Amino acid sequence: MKISRSTLWRSSVAMAIGLLSCKTGSVNLFKAASPHEQYQKKLVNVGLDKTAMGSAWLNAANMSTQKALNINIPYKENGYFAADKVPATAYKFNATKGQKLNIKLSKKPSAGALVYIDVWYNADQTQKLIASADTLNNPLSFDIEETGPYLIRLQPELLQNVAYELEITAGPSLGFPIKSKNTNSIKSYWGDGRDNNARKHEGVDIFGNFRTPVLAISEGTVTRVNENNLGGKVVWMRPKGKDYTLYYAHLDEQLAVEGQDVKTGDTLGLMGNTGNARTTPPHLHFGIYTFNGAVNPLPFIDPITKTPGAVTAPSNKFNKTLRTISATKMLSSPQSKATVLATLNTGTIVEANAATANYYKAELPDGSTGFIQSNSLVQVSEPLKKFKINVRQQKVYDRPDSLAALKTTLKEGQTVNLLGSFGNYQLIGSDAETGWIIK
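Residues numbered from 1 in each chain as written. Predicted model: local features only at pLDDT ≥ 70, side-chain atom pairs only at ≥ 80, totals over all residues. Heavy atoms only, no water.

1. Regarding empty space enclosed by the protein
Taken as a whole and judged by the stated rule, the model has 2 cavities of 30 Å³ or more. Partitioned by chemical class, the residues of the lining of the largest cavity number 3 nonpolar, 2 polar and 4 charged. Residue lining of the second largest cavity: Trp 57, Ala 82, Ala 83, Lys 85, Val 86, Pro 87, Pro 156, Glu 157, Leu 158, Leu 159 and Gln 160, and that is the complete set. For the lining of the second largest cavity, the class distribution of residues is 8 nonpolar, 1 polar and 2 charged. (1 Å grid on protein atoms, 1.4 Å probe; cavity = no way out; pocket = protein on both sides within 12 Å on 5 of 7 lines; lining within 4 Å. Points joined across faces, edges and corners; volume = space filled by probe spheres on them. Nonpolar A, V, L, I, M, F, W, Y, C, P; charged D, E, K, R; others polar.)

2. Some points on unusual backbone geometry
Cis rather than trans, the peptide bond between Ile 73 and Pro 74 has omega equal to 10 degrees. Summarising the element assignment, Pro 74 is placed in the loop between strand 1 (69-70) and strand 2 (75-81). Omega for the bond connecting Lys 108 with Pro 109 falls within 30 degrees of zero, at 0 degrees, which places this linkage in the cis form. Residue placement: Pro 109 occurs in the loop between strand 4 (99-108) and strand 5 (115-121). For Arg 211, which is not glycine, the phi dihedral falls at a positive 65 degrees. Look at Ala 357: it is not a glycine, yet its phi comes out positive at around 50 degrees. Assignment of secondary structure puts Ala 357 in the loop between strand 25 (349-356) and strand 26 (359-363). Taking the relative accessible area as the measure of exposure, Ala 357 reaches 31% and is therefore partly exposed. (Helix = DSSP H or I, 4+ residues; strand = E, 2+ residues; numbered from the N terminus. Buried < 20%, exposed > 50% of the residue type's maximum accessible area, 1.4 Å probe, protein only.)

3. Section: the pairing of strand 22 (residues 321-324)
Pairing of strand 22 with strand 25, which is carried by 3 bridges, proceeds in the antiparallel orientation. If you follow Thr 321 over to strand 25, its bridge partner there is Glu 351. As paired elements, strand 22 and strand 28 (residues 377-379) share 3 bridges and run antiparallel to each other. By the bridge assignment, Leu 322 is partnered in strand 28 with Gln 379. (Pairing = 2+ DSSP bridges.)

4. Comments concerning the layout of surface pockets
Reported here for the largest pocket is a volume of approximately 1500 Å³. Along the wall of the largest pocket there are 44 residues; nearest its centre are Lys 85, Glu 351, Glu 363, Leu 364 and Pro 365. Contributions of two or more residues to the lining of the largest pocket are made by helix 3 (52-66), strand 2, strand 3 (89-95), strand 25, strand 26 and strand 34 (434-438). Split into classes, the residues belonging to the lining of the largest pocket amount to 21 nonpolar, 10 polar and 13 charged.

5. Focus: the pattern of salt bridges
Applying the stated criterion to the full structure yields 14 salt bridges. Among the ionic pairs, Asp 243 bridges to Lys 97, the shortest N-O distance being 3.6 Å. Taken together, the residues span a long stretch of sequence, with Asp 243 in the loop between strand 16 (232-239) and strand 17 (245-254) and Lys 97 in the loop between strand 3 and strand 4 at a distance of 146 residues. By relative accessible area, Lys 97 is classed as buried at 14%. For Arg 153, the salt bridge goes to Asp 118, with nearest N and O atoms at 3.1 Å. (Salt bridge = Lys/Arg side-chain N within 4 Å of Asp/Glu carboxyl O.)

6. A closer look at the pairing of strand 2
Counted residue by residue, strand 2 has 5 buried out of 7 residues, so it is predominantly covered. Sheet topology note: the strand 2/strand 9 (residues 162-172) ladder contains 7 bridges and is antiparallel. Looking at strand 9, one finds that Glu 77 is bridged to Leu 166. Pairing of strand 2 with strand 25 involves 2 bridges; the strand directions are antiparallel. Directly across from Asn 78, in strand 25, lies its bridge partner Ala 355.

Structure (structure tokens):
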């Protein structure tokens with residue numbers, strides 16, 4: 001039986017990849033790195049970075065972050081990484097100090113095939129790795145320490161077919177200061193005017209019954225118990241391992257003592273209206289202070305964790321050749337205020353590799369990516385029309401690029417199927433075997 005050269009090459013690559021799990025030696029001399037970086041170093045150790053597939057994997061990792069698309073949290077996506085390609089995907093989003101970010105990746109197969117995930121803080125043209133993992137069947141959760149833009153990248157190992165579901169949500173990193181976790185009890189927010197707008201409110205006011213227990217919302221240490229003109233009877237507390245201090249004011253009674261170590265749920269005092277709150281109903285003024293001053297405490301304690309909507313775009317079109325059924329907009333994000341990246345003509349060829357809500361995350365033949373409404377795309381199964389080649393020789397390329405590899409040459413008079421187009425090129429052939437010709 002004759003074995004093709006490509007089959008032999010893939011077998012040798014697969015064998016080298018199999019060695020990655022048992023490769024020892026110099027790779028163990030590297031300092032601690034993320035799982036993605038460890039895999040990258042193992043690729044180098046077995047020489048796969050010199051192969052077309054290995055170098056493509058490394059390049060995909062870099063290019064995906066440069067082409068990251070914008071999303072809003074909460075976010076949910078279904079997608080598929082195909083073994084015969086070298087995929088990676090990345091997204092940009094904003095997060096606020098005090099939130100806890102929760103990332104869950106469910107994949108099939110659930111074991112064996114690894115998907116590497118990395119999260120960076122991405123401000124001022126610098127990237128700081130925040131969290132990483134090589135499997136996410138359990139949620140990855142971490143506190144947001146800096147407000148600003150973040151970047152997340154997913155990339156599977158080489159030669160792995162992986163279907164996945166990604167879900168990202170943001171909730172509070174701390175508990176709620178009273179037992180009733182109800183945002184309706186918050187009646188005054190950060191930034192509200194005070195003293196005829198002479199100053200701004202540096203916290204939130206949480207209302208409740210007189211002498212309602214006020215709780216420690218994390219493990220930590222009580223740093224000060226005192227009184228002042230504005231806050232009346234107050235308690236200051238430093239959460240363990242954090243660079244900020246919690247401020248509880250207008251207490252009727254202070255139960256905690258300075259230097260006391262507390263656990264989440266311990267009672268620090270009882271709600272009242274001392275200080276400048278003597279004419280108001282009982283409430284807790286809750287604030288958070290850093291070395292740079294007060295910050296908005298709501299993201300730290302807001303008990304509402306929004307969940308993303310369902311994915312309604314069908315997954316049976318993933319990694320299939322698709323085309324637009326009419327003039328279609330490709331957007332920078334699946335949200336309403338998205339930027340239009342391109343307006344695609346009817347019959348434009350695209351490929352969908354993931355879906356969120358009723359949008360596909362689509363890729364054009366030139367590598368550009370964006371979001372397209374799912375009902376604007378159909379699978380290329382029937383030709384738009386048939387036509388005859390009207391030049392002596394018609395070159396057929398594997399990509400819409402005259403510098404791409406030449407697949408074959410057609411002769412004048414041959415009949416071909418037109419499947420779609422992109423720019424100055426037309427896709428011809430069948431669903432199984434296609435190629436690009438210049439219009």
